[in-house]
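Summary of the model geometry
Next come the chains, spelled out residue by residue.
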Amino acid sequence: MKFICLTLLIISGITDSRSERYDVVGPVDSVFAVAGEDVILPCSVKPNISVVDMTVRWSGLDLKDSQLVHLYEDHGDRNTKQIESYRGRTELNHQELQRGDASLKLSSVRVSDEGRYKCFIQSKSWYDDATVDVSVEAVGRPPVITVDGFDHSERLHLQCESEGWYPEPVLEWLNSEGVSLSSETTQMQRNTDGFSVKHTITVHHRDDKIHCRVKLRHHTLETLIVTSSISFNPWRTTIILNLIAVALIVIAGILLAAFVRKNREHDELQNENRRKKQEHDQLQTETCRIQQEYDQLQEEKNRKQQELDHLQEEKNRKQQEYNALLQNENQRIKQELDRLLENRKQEFSSEDDQEQIVKSGMQREHDQPQNVKETKGKQGNQQSKKEDKKCLLQ
């Protein structure tokens, strides 16, 4: 039973794998595009099954490392790694993806878009790819015919020029009967805009119409010139050429005079600028000198200020010393006075005691008038001593 189930699963897987197989189909021929227009790069799967759940990758085979042109994956466009030159110019029709059509729309075709592209479509169990060759054509500007001059054999020198073509165009001259004329000189150049072509030819004045035709694959541009309408007179041509030469000489003289005047003005302006530069340099030097003197004066001022501050500090110090000495001297004098006063007080106290003893002895003696007078004299002396003591205390 297990063997039967395993066999059925293997058969079912093989059947599903075969049912998911498909072929990616591209165009048989090259796709032609015109520069500046839009182009569709065909790509689809056979049978027509939906590729919505698959991965669709467009890449350029002629580009380095097959760089990414457009990527559809997980039901959306994933162009974060897209080539810069293709940004905003590629598009897949998501509705057509359901019918198996993965064609790429390329907008505003450029000449650089020419080359081979690969359309790669991958499912969970199968993948396939196809290539698409793209050829780009750039239609240039209409050809322009100019007359280079005449010769004395009544022949016209014509020049036809056109530019902006890609790839190289073909330029040919035709007469009024449609017969091809041989060009005398041909020039072909290529630039960023494409190819430019220039051919010259000499025709007889009697030829009525001359055509200049530029062809490129499916595109043709043509310009016509009627030679019979071009007046031809050698004498008139000579006069015109002489007049042109005279006019050119006069213009050259005017330009030369203007050039000389401008050159003189330029020299004067240069001298004036040089003089002003010298004056500026002198002023700059004088300014530097004044600045140096100012800095020196500022330094001298600072030095004087420092000396003044030092003298002021010295003065303050001397004043403090003087005040301290004066205070000490006053204290010493006061102490000396206090000591003198104390001594005087002791002396006065001793004299009073002696006088009191004398007075007591004399009172015990006879009270005589003379003794009375002496006692009064002593009392007067005592009174004068008290007054002297009072004055000394004051």
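Preceding block: the structure.
Now for a quick tour of the structure.

Section: the overall build of the chain
- The number of helices and strands found in the chain is four helices and 19 strands.
- Each of the 394 residues in the chain was classed as buried or not, and the buried ones make up 24%.
- In the chain, of all internal contacts separated by at least 6 residues, the share reaching a separation of at least 24 is 56%.

With respect to the sheet that holds strand 15 (residues 180–181)
- Spatially, the four strands line up as an open sheet ordered 15-14-18-19, and their pairing is antiparallel. Single-partner strands in this sheet number two, and they are strand 15 and strand 19 (219–226).
- Both strand 14 (residues 170–175) and strand 15 contribute to a ladder of two bridges, which runs antiparallel. Directly across from Leu174, in strand 15, lies its bridge partner Ser180.

Things to note about a nonpolar patch on the surface
- A cluster of nonpolar residues, Ile240, Leu241, Ile244, Leu248, Ile251 and Leu255, forms a patch on the protein surface that exposes about 570 Å² of accessible area.
- With respect to the element layout, Ile240 can be found in helix 3 (residues 234–364).

Quick word on the nonpolar core
- Ranked by size, the top nonpolar core spans 30 residues in total, and within it Val24, Leu41, Trp58 and Ile121 carry the most contacts.
- Elements with a minimum of two residues in this core: strand 2 (31–34), strand 3 (39–41), strand 5 (55–60), strand 6 (68–73), strand 9 (104–106), strand 10 (115–122) and strand 11 (127–137).
- Looking at which element gives the most residues to this core, the answer is strand 11, with four residues.
- In this structure, Ile145, Leu158, Cys212 and Leu216 belong to the second largest nonpolar core, which totals 15 residues.

Criteria and cut-off values
Residues numbered from 1 in each chain as written. Predicted model: local features only at pLDDT ≥ 70, side-chain atom pairs only at ≥ 80, totals over all residues. Heavy atoms only, no water. Helix = DSSP H or I, 4+ residues; strand = E, 2+ residues; numbered from the N terminus. Buried < 20%, exposed > 50% of the residue type's maximum accessible area, 1.4 Å probe, protein only. Contact = heavy atoms within 4.5 Å. Pairing = 2+ DSSP bridges. Patch = residues over 30% accessible without salt bridge, like charges linked within 9 Å, V, L, I, M, F, W, Y side chains within 5 Å. Areas by Shrake-Rupley, 256 points an atom, 1.4 Å probe, with all protein chains shown as cover. Salt bridge = Lys/Arg side-chain N within 4 Å of Asp/Glu carboxyl O. Core = buried A, V, L, I, M, F, W, Y, C linked by side-chain atoms within 4.5 Å.

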